Amino acid sequence: FETDFYRRYGLEVTYVGHPLLDALTEKEITPKAAFLDCNQLDQSPIIALLPGSRKQEISAILPVMLATAQQFPEYQWVIAQAPGVEDDFYNSFVGSIPQVHRCKNDTYSLLNYSHLALVTSGTATLETALMQVPQIVCYKTQWLTYQIAKRVVNLSYISLVNIIANRLVVPECIQDELTVPVLTQQVSALLEGPARAAQLAAYGTLYAQLGGPGASRKAAAAILKNNDL
């Protein structure tokens, strides 16, 4: 978040930080015992699945996540169910996979108690990072849509975490790379070990890049200061 680019063109800017930092501090986390009981979970480690909020992206991404889950039966895999998406829609994918559960309207608590997360690209990737949960970013859409987007948007990365850091902090499994073998390999690498430690260390730098808490307060102060000039 350098301001040199703007000043080069004569624009005076003040970076005040990201409001998500303040929003996260205001979210209530359900006590762990109550969370486990409400979602019929035991004490086994949890891997969170955030397959998105739209049916089209859920249909493309969730089946790969669920097939990967079956490679790790010792973990509880919990889907963060999107508001407005009916139970039957998820049932059509989950079937009778024993270690897969669903969580409604409590995604922050789910992330708080998760060992790892598989996250569809979007704001959720940044939220997951700020909650210090190692993650793998997943995305898949229609071939034509992806080809158009790739030509219109000139970015090296798709996740907010990597875009902000300007380097590969979290692995991205996109389009043809979103397969069960690839995702299984990435999960194995992040359950324990140096890749997990490196990602968590990078999260600390990300927090600093976002400017710390108080974005709204800083923005108000900057506006008042400019009005006094």
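The following paragraphs examine the structure supplied in this document. (Residues numbered from 1 in each chain as written. Predicted model: local features only at pLDDT ≥ 70, side-chain atom pairs only at ≥ 80, totals over all residues. Heavy atoms only, no water.)

**Things to note about helix H5 (residues 87-94)**
Link 1 in the chain: Looking at H5, one finds that the buried residues are Phe89, Tyr90 and Val94. Looking straight down H5, one finds its buried side chains confined to an arc of 125 degrees; they lie on one side. Along H5, the residues that are exposed and aim more than 90 degrees away from the buried face are Asp88 and Ser92.
Link 2 in the chain: Contacts from the buried residues of H5 go to helix H4 (55-69), strand E2 (76-81) and strand E3 (100-104).
Link 3 in the chain: Gly95 sits one or two positions beyond H5 and adopts a positive phi of about 60 degrees. (Buried < 20%, exposed > 50% of the residue type's maximum accessible area, 1.4 Å probe, protein only. Helix = DSSP H or I, 4+ residues; strand = E, 2+ residues; numbered from the N terminus. Arc of directions from axis to C-beta. Contact = heavy atoms within 4.5 Å.)

**A look at the layout of surface pockets**
Link 1 in the chain: Looking at the largest pocket, its volume works out to about 440 Å³.
Link 2 in the chain: Along the wall of the largest pocket there are 22 residues; nearest its centre are Leu50, Ala80, Thr107, Ala124 and Glu127.
Link 3 in the chain: Counting only elements with at least two residues in the lining of the largest pocket, the list comes to E2, helix H6 (107-112) and helix H7 (123-130).
Link 4 in the chain: Top contributing element to the lining of the largest pocket by residue count: H6, with four residues. (1 Å grid on protein atoms, 1.4 Å probe; cavity = no way out; pocket = protein on both sides within 12 Å on 5 of 7 lines; lining within 4 Å. Points joined across faces, edges and corners; volume = space filled by probe spheres on them.)

**A word on the sheet that holds E3**
Link 1 in the chain: Spatially, E3-E2-E1-E4-E5-E6 is the arrangement adopted by the six strands of the open sheet, whose pairing is parallel. Of all the strands in the sheet, just E3 and strand E6 (172-174) have a single pairing partner and so form its edges. Across the sheet, the axes of successive neighbouring strands diverge by a mean angle of 25 degrees, strand direction being ignored.
Link 2 in the chain: Relative to strand E4 (residues 114-120), strand E1 (residues 46-50) runs parallel, the two sharing five bridges. Looking across to E4, one finds that Leu49 is bridged to Leu118. (Pairing = 2+ DSSP bridges. Axes fitted to C-alpha atoms, helices over the stretch in contact; angles between N-to-C directions.)

**Concerning unusual backbone geometry**
Link 1 in the chain: For Asn105, which is not glycine, the phi torsion reads 55 degrees and is therefore positive.
Link 2 in the chain: Its place among the elements puts Asn105 in the loop between E3 and H6.
Link 3 in the chain: The exposure class assigned to Asn105 is exposed, which follows from its relative accessible area of 67%.
Link 4 in the chain: Even without being glycine, Gln175 reaches a positive phi, approximately 50 degrees.
Link 5 in the chain: Residue placement: Gln175 occurs in the loop between E6 and helix H10 (180-191).
Link 6 in the chain: Look at Gln175 and you get buried, because its relative accessible area is 8%.

**Comments concerning the packing of H4 against H10**
Link 1 in the chain: Their axes nearest at 9 Å, the elements H4 and H10 cross at an angle of 55 degrees. By the angle class used here, H4 and H10 are oblique. In the packing of H4 onto H10, the handedness of the crossing is right-handed. For the pair H4 and H10, the contacting residues are Val64, Met65, Ala67 and Thr68 in the first and Val180, Leu183, Thr184 and Val187 in the second. (Parallel < 35°, antiparallel > 145°, perpendicular 65-115°, else oblique. Left-handed = near helix turned anticlockwise from the far one by under 90°.)

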